[in-house]
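Tertiary structure, described
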Amino acid sequence: PFCQACGVPFGFDQGPDALCGACVRERPLFGRARAVFLYNDVSRDLVTGLKHRDRIHGAPAFGRWLARAGRELVAEADLIVPVPLHPLRLWRRRFNQSALLAQALTRQAGCAGKLRSDLLRRTRATPTQGGLNAAQRHRNVRGAFAVRVGRDREITGARVVLVDDVYTTGATLEACTRALLKAGAASVDALVMARVDRPR
């Protein structure tokens, strides 16, 4: 059982459409978030191995897991959009882990035509989110994402699923959601590999 908005797990079943305390106080901008697993000592190695140690061989398995965890979101989606990296960070890392996950997801789910890896862009090189608290994370990415020029028509009225590696406070997902809604998206949901098990 989990919060129907942010996806944080509950200790027991609280009934259909139950929300966590944080989402009762303030709903996130995105509609729903789903994750494959909790970010803990076991899953951390999978996520950081992909992100920082070039362990991309697990992508097909990650795609299967994402397709299962996000089955409902993907089925309803018109577009699957990975969270972008700034060009400088992409050059250093050599690949965007979120784009790799989104590509694996759409292959496994049989919906490669929904993938739009170049729809969003990062407008500035933000410092890494690691070590920042929730308020600092939100400030760090505020206004850091935008829809590419000339792509608004593609987004207008579309149901979008954002794909990222980790959901910590939701700051990055909300900043991307804000850019997509501003461009005319009908709705935005989020699908991630791992989520931190604590209130936003």
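Refer to the preceding data block for the structure.
A few points on the structure. (Residues numbered from 1 in each chain as written. Predicted model: local features only at pLDDT ≥ 70, side-chain atom pairs only at ≥ 80, totals over all residues. Heavy atoms only, no water.)

Before going further, it helps to examine the overall build of the protein. Within the protein, the secondary structure is distributed over nine helices and six strands. Relative to the globule expectation of 16 Å for 200 residues, the C-alpha radius of gyration of the protein, 16 Å, shows essentially globular dimensions. If one aligns the C-alpha atoms of the protein with their principal axes, the spans along those axes are about 45 × 40 × 35 Å. Here the protein holds 200 residues, and 50% of them are scored as buried. Summed over all atoms, the accessible surface of the protein reaches about 10100 Å², with 51% contributed by carbon and sulfur. Of note, the protein has its 33 positive side-chain charges centred 6 Å away from the centre of its 17 negative side-chain charges. (Helix = DSSP H or I, 4+ residues; strand = E, 2+ residues; numbered from the N terminus. Rg over C-alpha atoms; globule rule 2.2 N^0.38 Å. Buried < 20%, exposed > 50% of the residue type's maximum accessible area, 1.4 Å probe, protein only. Areas by Shrake-Rupley, 256 points an atom, 1.4 Å probe, with all protein chains shown as cover. Lys, Arg positive; Asp, Glu negative; His and termini not counted. Charge placed at Lys NZ, Arg CZ, Asp CG, Glu CD.)

Let us look at the environment of Gly143. Among the secondary structure elements, Gly143 is positioned in the loop between α7 (134-141) and β4 (145-147). Separated by 137 residues in the primary sequence, Gly143 and Cys6 have C-alpha atoms spaced 21 Å apart.

The full count for this structure, using the stated rule, is eight salt bridges. Across the salt bridge formed by Arg32 and Glu72, the nearest N and O atoms sit 3.2 Å from each other. Placement of Arg32 in the loop between α1 (21-25) and β1 (33-38) and of Glu72 in helix α4 (residues 71-76) is noted, with a sequence separation of 40 residues between them. The exposure class assigned to Glu72 is partly exposed, which follows from its relative accessible area of 49%. Within this structure, Arg32, Glu72, Glu76 and Asp189 form a network of salt bridges that share partners. (Salt bridge = Lys/Arg side-chain N within 4 Å of Asp/Glu carboxyl O.)

When the terminal C-alpha atoms of helix α9 (residues 171-182) are compared, their 17 Å separation across twelve residues agrees well with the 16 Å that a helix rising 1.5 Å per residue should span. Listed as buried for α9 are Ala171, Thr172, Leu173, Glu174, Ala175, Cys176, Thr177, Ala179 and Leu180. Just beyond α9, the residue with positive phi is Gly184, at close to 110 degrees. (Expected span 1.5 Å × (residues − 1).)

Tracing the backbone through its elements, the reader meets Leu73 in helix α4. Using a relative accessible area of 3% as the deciding quantity, one classes Leu73 as buried. Taking the C-alpha atoms as reference points, Leu73 and Arg34, separated by 39 residues in sequence, lie 8.5 Å from one another. Once residues lying within four places of it in the same chain are set aside, the contact partners of Leu73 are Arg32, Arg34, Val161, Asp189 and Ala190. (Contact = heavy atoms within 4.5 Å.)

Taken as a whole and assessed by the stated rule, the structure comprises zero disulfides. The closest cysteine sulfur to the non-disulfide-bonded Cys3 is located on Cys20, 3.8 Å from its own sulfur. By relative accessible area, Cys3 is classed as buried at 0%. (Disulfide = S-S within 2.5 Å.)

Our focus in this paragraph is the packing of aromatic side chains. Tallied over the entire structure, the rule returns three aromatic pairs. Seen in terms of ring centroids, Phe30 and Tyr167 are 5.9 Å apart; in terms of plane orientation they differ by 90 degrees. Their pairing is edge-to-face. With Phe30 in the loop between α1 and β1 and Tyr167 in strand β5 (residues 159-167), the pair connects residues that are 137 residues apart, well separated along the chain. Its relative accessible area of 1% is what places Tyr167 among the buried residues. In textbook terms, an aromatic cluster arises when at least three aromatic residues are bridged by ring pairs, as seen for Phe37, Phe62 and Trp65. (Phe/Tyr/Trp six-rings, centres within 6.5 Å; stacked < 30°, edge-to-face > 60°.)

If you trace the four strands from one edge of the open sheet to the other, you get β1-β6-β5-β2, paired in parallel fashion. Across the chains shown, the open sheet's two edge strands, defined by having one partner strand only, are β1 and β2 (79-82). On average, each strand axis in the sheet is tilted by 20 degrees relative to the strand beside it, whichever way the strands run. Running over the sheet, helix α3 (residues 59-69) touches β1 and β6 (187-195) and is turned about 130 degrees from β1. In this fold helix α6 (residues 97-109) packs onto β2, β5 and β6, with an angle of close to 125 degrees to the strand it touches most, β5. (Pairing = 2+ DSSP bridges. Axes fitted to C-alpha atoms, helices over the stretch in contact; angles between N-to-C directions.)

In short, the description is geometric, and any link to function would need to be established separately.
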